[in-house]
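Chain residues, written in single-letter form:
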Amino acid sequence: MMFASDNWAGAALPVLEALVAAGLARPEPAYGDDSVTRALERRFSDLFEREVAVVLVPTGTAANSLAVATFTPPWGAIVAHEEGHLMIDECGAPEFYSGARAYRLPAHRGLFTPEGLAAGLDAIPQGLHHGRLSVVSLTLPNEFGLLYTPGELATLAAVAHDRGLAVHLDGARFANAVARLGVAPADVTWRAGVDVLSFGGTKGGCAMAEAIVLFDPARREELLFRRKRAGQLISKHRFVAAQFEAWLDRGLWLDLATHANRMADLLADGIAACPHTRLAWRPGANEVFAFFSPETAARLEAAGARFYDWSTAALAADDLPRDGEKLWRLVTSFATRPEEVAAFLAALAAL
Ligand SMILES: Cc1ncc(COP(=O)(O)O)c(C=O)c1O
């Protein structure tokens, strides 16, 4: 009953086999000059239906930070939701790598509306004494497990572009979003106005592989220098590339994400049906948010379930916990077994 995080999961077998194969293959040039990395760049361009530049890193924090830094002068500013991962969970790395400042904006359940984003951006002072806004970072699925549609993303991107800002998309769980929306990767990225994507592989079945996808390949060189200077260029680069190669092959990434999403739906249905638990909102992808008491949580934990306390001050009135409840987050992954969900639901039924 492992619902703490999709980061707790292992890695998918084809990814592990690819790592072994890469380890046993004949020596290849280091630092990304190998055949696996070169083949992967072609694959990403095919996947996104246009020429893209891909720069691989081992962590999502590095992907987000280097991606936004590439669109931000030191006097610039990064804007994101107040609960955005890159605002609160990356130890200031986006500011560290870019030298810029960061502004946090509120939005109901982490989803900006065009009006809310425009008002938030326009309220931030700009000029010689303040700096200049440079990039808006959105998350898909966001930190509350919710999704923007391609149309909503396009409207938000237009708000940013109208003000001269670039658009970054944190896609740590991009696979889960694409699987749920049933769209082409291009539809929720460059066709919707996204300039740079952090495409996460790790949570979806890789061991440690994240891709920064630049929809303007002319920025590639700058990002390559930034990655090296940040200490994020892995010398045996083919091991990172091999993970993506196996994960993207024959749609494995989407199959794994579809499974994770389905497990989240089952979990959500059971939570909604139980009188001791209250579903906060339907999961957009593979993260389930629910209200229940710490006593209920303790009993579920005693039965072997693992999940996180997701208490936050950023909820609107209609989302607030009631009578001793707290908000909890339960995450499913490619590795979640239906029996784990069934065991959790049985533990709920026994409450
Ligand atoms: C929304 C989001 N972005 C990025 C990341 C990547 O973070 P890390 O640096 O831990 O790989 C995570 C991981 O929890 C995440 O949830």
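The structure presented is a predicted model; accordingly, all values stated were derived computationally and were not measured.

This next bit is on the overall build of the protein. Within the protein one finds 13 helices and 11 strands. On C-alpha atoms alone, the protein measures out to a radius of gyration of 20 Å, which is about the 20 Å that the 2.2 N^0.38 rule sets for 351 residues. A burial count over the protein gives 54% of its 351 residues as buried. Restricting the contact set of the protein to residue pairs at least 6 apart, pairs at least 24 apart contribute 76%. About 14600 Å² of surface is accessible on the protein, with carbon and sulfur atoms providing 56% of the total. Side-chain charges in the protein split into 32 positive and 41 negative, and the spacing between the mean points of these groups amounts to 4 Å.

In an α-helix there are 3.6 residues to a turn, and that puts residues three or four apart on one side. Where helix 12 (residues 294-302) is concerned, the buried positions are T296, A297 and L300. All buried residues of helix 12 lie within an arc of 100° about the axis, which places them on one face of the element. Projecting away from the buried face of helix 12 at angles above 90 degrees are the exposed residues E295, R299 and A302. At its buried positions, helix 12 is contacted by strand 9 (287-292), strand 11 (326-331) and helix 13 (338-349).

Our focus in this paragraph is the site of the ligand. Taken together, 13 residues are adjacent to the ligand, and G60, T61, H85, D170 and K203 come closest. A distance of 2.9 Å separates an oxygen atom of the ligand from a polar atom in the backbone of G60. Within the contact set of the ligand, an oxygen atom lies 2.5 Å away from a side-chain nitrogen or oxygen of T61. Surface burial for the ligand is 78%, taken as the share of its 400 Å² of free accessible area covered by protein chains. With three residues, helix 3 (residues 60-69) is the single largest residue contributor to the shell around the ligand. Across the shell around the ligand, the residue classes tally to one nonpolar, seven polar and five charged.

Calculation rules
- Residues numbered from 1 in each chain as written.
- Predicted model: local features only at pLDDT ≥ 70, side-chain atom pairs only at ≥ 80, totals over all residues.
- Heavy atoms only, no water.
- Helix = DSSP H or I, 4+ residues; strand = E, 2+ residues; numbered from the N terminus.
- Rg over C-alpha atoms; globule rule 2.2 N^0.38 Å.
- Buried < 20%, exposed > 50% of the residue type's maximum accessible area, 1.4 Å probe, protein only.
- Contact = heavy atoms within 4.5 Å.
- Areas by Shrake-Rupley, 256 points an atom, 1.4 Å probe, with all protein chains shown as cover.
- Lys, Arg positive; Asp, Glu negative; His and termini not counted.
- Charge placed at Lys NZ, Arg CZ, Asp CG, Glu CD.
- Arc of directions from axis to C-beta.
- Near = heavy atom within 4 Å.
- Polar contact = N/O pair within 3.5 Å; in protein donor to acceptor, adjacent residues only side chain to side chain.
- Nonpolar A, V, L, I, M, F, W, Y, C, P; charged D, E, K, R; others polar.

These values are about where atoms sit, not about what they do.
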